Amino acid sequence: MKKVLLLFLFFSLASCQYFDRQVPSEKLLLQNELKAINWNEVDVFPSVLACEKIEDKALRQQCFFDFLTQTIQQKLNLDTLTILYPELDTIGVKVTVFANSDVQFEPQFPKDSVAYDTIIIDSILRARLVDFPKINPALKRGIPVKTQFILPVILKVE
């Protein structure tokens, strides 16, 4: 019995070293976590109400891009953009979705695009896309964040 008690006492004293570990500092933990985060990707992509029910991330993203492209094309087809610039068949539109769900559209032109009056195209684009449907912002770790992307918008459908 004494041997068991002595053995128990020995193990209990020897095991105290397992409780004497150093706790890592908050700064070190924060730095490691910040290094692990990929700041170029979001956890949840921006979305519209029509795409909210889709669970698959890739399909939901494609639904969002399709919705944006179709809506922009419909709004721009109502205008004289194709009449003013008949040679312009596709335009790149830089879409910025802010964390507060505001949306900004900017036309993107090639560097050598002197044939187009970029100011007129920009004003037409901004005037037509004023009453755009609500877009839910992207999320990074549960926090709404700003996202930007460029969509090719086809102006001429032949």
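Remember, it's a predicted structure, so these values are computed and weren't measured experimentally.

A. Geometry of the overall build of the protein chain. Helix and strand content of the protein chain: five helices and five strands. Starting at the N terminus and walking to the C terminus, you meet the elements of the protein chain as α-α-α-α-β-β-α-β-β-β. A burial count over the protein chain gives 28% of its 158 residues as buried. Within the protein chain, contacts between residues separated by at least 24 positions form 71% of all contacts whose residues are at least 6 apart in sequence. Carbon and sulfur atoms make up 60% of the accessible area of the protein chain, which amounts to about 11,700 Å² in all.

B. Expanded view of the nonpolar core. In this structure, Leu68, Ile72, Val93, Val95, Phe105, Phe149 and Leu151 are the most contacted members of the largest nonpolar core, which totals 22 residues. Within the residue set of this core, elements represented by two or more residues are α3 (57-77), β1 (90-97), α5 (118-128) and β5 (147-154). The leading source of residues in this core is α3, at six residues. If we ignore the near neighbours within four places in the chain, the residues touching isoleucine 72 are Val93, Phe105, Leu129, Phe132, Leu151 and Val153.

C. Looking closely at the packing of aromatic side chains. Under the counting rule described, the total for this entry stands at seven aromatic pairs. An angle of 45 degrees between the planes, with centres 5.9 Å apart, marks the rings of phenylalanine 64 and phenylalanine 65 as tilted. A relative accessible area of 0% places phenylalanine 64 in the buried class. One aromatic cluster is present, built from ring pairs that chain together Phe45, Phe64, Phe65 and Phe149.

D. View of the sheet that holds β5. Taken together, three strands build an open sheet; the order of strands is β2-β1-β5 and the sheet is antiparallel. Because the sheet does not close on itself, it has two edges, and the strands there are β2 (103-108) and β5. Averaged over all adjacent pairs, the angle separating strand axes in this sheet is 25 degrees, with direction ignored. Here β1 pairs with β5 via eight bridges, running antiparallel.

Cut-offs applied
- Residues numbered from 1 in each chain as written.
- Predicted model: local features only at pLDDT ≥ 70, side-chain atom pairs only at ≥ 80, totals over all residues.
- Heavy atoms only, no water.
- Helix = DSSP H or I, 4+ residues; strand = E, 2+ residues; numbered from the N terminus.
- Buried < 20%, exposed > 50% of the residue type's maximum accessible area, 1.4 Å probe, protein only.
- Contact = heavy atoms within 4.5 Å.
- Areas by Shrake-Rupley, 256 points an atom, 1.4 Å probe, with all protein chains shown as cover.
- Core = buried A, V, L, I, M, F, W, Y, C linked by side-chain atoms within 4.5 Å.
- Phe/Tyr/Trp six-rings, centres within 6.5 Å; stacked < 30°, edge-to-face > 60°.
- Pairing = 2+ DSSP bridges.
- Axes fitted to C-alpha atoms, helices over the stretch in contact; angles between N-to-C directions.

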